[in-house]
Amino acid sequence: MGEHNRQLKADLMLVLVTLCWGVSYFMTDICLTDMDPFIINAYRFIGAFIVAGLIAFKKIRNVNRITLKYAFYISISLVFVYFGATYGLKFTTQSNAGFFCATSTVFTPIMAYIFKKTVPDRKLAIVVVLCTLGIALMSLDSNMKISIGDLLCLSCGISYAVDLLITETAVSHPDVDAFQIGVYQLGFTGLWMLILALIFEEPTLPQSAGCWMSLVFLALFCTGIAFIVQAIAQQYTTATHVGIIFALEPVFAGIVAFLFAGERLLPRAYFGALLMLVSIIMMEVDIKGIFGKRKGLQKQGKDQ
């Protein structure tokens, strides 16, 4: 029971992280009006690393080589994640970007089976199918075509599935500190992004107050807090569970795009969002346990 409660708390923490990432598409879209993708990500990751380092310097001061090694590996996958997400957002809508980046939901259990021989149970398989249908209904146009922006965001989903599996392996290692790996992956990713920005872009600072505010929000909540919480929470849940929870990201992204960017979805897209929400509830609720308790209570009542 205690283990189930810990997993539920971890999953709820990850839902909050997902909410921040749903908002991030709107914030990133604002930043793209003033800056290029690599420098945006350089600022948000380096900024997040500096803030986290200043707040928790004592906790990250003594770090071992294994933790740094895994943080380095994770940072490489994050470069591909944010390359796909940010460049993809230049060529597609906020809603579609959120939907295709959420395909990590589908790719995580597939990769877990390929690389870790983790066979999903029947309920999880149903959840993955529902999520896949939901993403398809929310993303594909009437001709079943996908834009270049959608493809870039799809690559983000694949890369993030890799990130989840590496993180799961890392935090299960006895010599790895989950909090430290959450902080140091920010620093490594920010450094990679800065190098790429210097090579391929002309780095600039934000030119408007809205862009500054969006960048600060991206750095603090969508990057710093989010990735540290993810690393800690993954000690108590599985990579596949995390991937399913992150299916809520396009739902949040779609709501934000609807309210603040004026984007409208087709009716089938809203049905897709409903399917994804149902899949989340199916994963989190122990249906057998609930009915088992009811049967036990009914039997107990009859015996009395």
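Residues numbered from 1 in each chain as written. Predicted model: local features only at pLDDT ≥ 70, side-chain atom pairs only at ≥ 80, totals over all residues. Heavy atoms only, no water.

This part covers the packing of aromatic side chains. Tallying each qualifying case throughout the model produces 12 aromatic pairs. Between the aromatic rings of Phe38 and Phe83, the centroid separation amounts to 5.9 Å while the plane-to-plane angle is 20°, which identifies the pairing as stacked. With Phe38 in helix α2 (residues 37–55) and Phe83 in helix α4 (residues 65–91), this residue pair connects regions lying 45 residues apart in the sequence. Between Tyr70 and Tyr73, the ring centres sit 6.3 Å apart and the planes meet at 90°, which makes this aromatic pair edge-to-face. One end of the pair is Tyr70 and the other is Tyr73, both in helix α4 and three residues apart, which spans about a single turn. For Tyr73, a relative accessible area of 39% corresponds to the partly exposed category. (Phe/Tyr/Trp six-rings, centres within 6.5 Å; stacked < 30°, edge-to-face > 60°. Helix = DSSP H or I, 4+ residues; strand = E, 2+ residues; numbered from the N terminus. Buried < 20%, exposed > 50% of the residue type's maximum accessible area, 1.4 Å probe, protein only.)

Inspection of every chain in the model, using the stated rule, returns one cavity of 30 Å³ or more. Reported here for the largest cavity is a volume of approximately 220 Å³. Around the largest cavity sit 16 residues that line it, and Tyr25, Tyr82, Ala85, Cys156 and Glu249 are the ones nearest its centre. Those elements that provide at least two residues to the lining of the largest cavity are α1 (2–31), α4 and α8 (148–171). No other element matches α4, which puts five residues into the lining of the largest cavity. Grouping the constituent residues of the lining of the largest cavity by class yields 10 nonpolar, four polar and two charged. (1 Å grid on protein atoms, 1.4 Å probe; cavity = no way out; pocket = protein on both sides within 12 Å on 5 of 7 lines; lining within 4 Å. Points joined across faces, edges and corners; volume = space filled by probe spheres on them. Nonpolar A, V, L, I, M, F, W, Y, C, P; charged D, E, K, R; others polar.)

Within the element layout of this structure, Ala161 appears in helix α8. Distance from Ala161 to Ala102, taken between C-alpha atoms, is 9.6 Å for residues 59 residues apart in sequence. Excluding residues within four positions of it along the chain, Ala161 makes contact with Ser104, Phe107, Thr108 and Met111. (Contact = heavy atoms within 4.5 Å.)

Time to look at the packing of α2 against helix α10 (residues 209–233). Across the interface, α2 lies against α10 with an axial gap of 8 Å and an inter-helix angle of 60°. It follows that α2 is oblique to α10 by the angle criterion. Regarding α2 and α10, the two cross each other, and that crossing is right-handed. Between α2, through Ile40, Tyr43, Arg44, Phe45, Ala48, Val51 and Ala52, and α10, the contact on the second element is made entirely by Leu215, Leu218, Ala219, Leu220, Cys222, Thr223, Gly224, Phe227 and Ile228. A per-class count over the contact of α2 with α10 returns 13 nonpolar, two polar and one charged. (Axes fitted to C-alpha atoms, helices over the stretch in contact; angles between N-to-C directions. Parallel < 35°, antiparallel > 145°, perpendicular 65-115°, else oblique. Left-handed = near helix turned anticlockwise from the far one by under 90°.)

This part takes up the nonpolar core. Ranked by internal contacts, the top residues of the largest apolar core, which has 61 residues, are Trp21, Tyr82, Tyr160, Ile181, Phe227 and Phe246. Beyond its immediate stretch of four places on either side in the chain, Phe227 contacts Trp21, Phe45, Leu78, Tyr82, Tyr160, Gly182, Gln185, Leu186 and Cys222. Counting residues in each nonpolar core, the second largest holds 15 residues, with Phe99, Ala102, Val251 and Met276 among its members. (Core = buried A, V, L, I, M, F, W, Y, C linked by side-chain atoms within 4.5 Å.)

Residue placement: Glu201 occurs in the loop between α9 (178–200) and α10. At 7.1 Å, Lys90 is the nearest oppositely charged side chain to Glu201, a buried residue that forms no salt bridge. Within the structure, the side chain of Glu201 is placed 2.8 Å from the backbone nitrogen of Phe38, a separation counted as a polar contact. A distance of 3.0 Å separates the side chain of Glu201 from the backbone nitrogen of Ile39, its partner in a polar contact. Apart from the residues lying within four places of it in its own chain, the contact partners of Glu201 are Asp36, Pro37, Phe38, Ile39, Tyr87 and Leu196. (Lys, Arg positive; Asp, Glu negative; His and termini not counted. Salt bridge = Lys/Arg side-chain N within 4 Å of Asp/Glu carboxyl O. Polar contact = N/O pair within 3.5 Å; in protein donor to acceptor, adjacent residues only side chain to side chain.)

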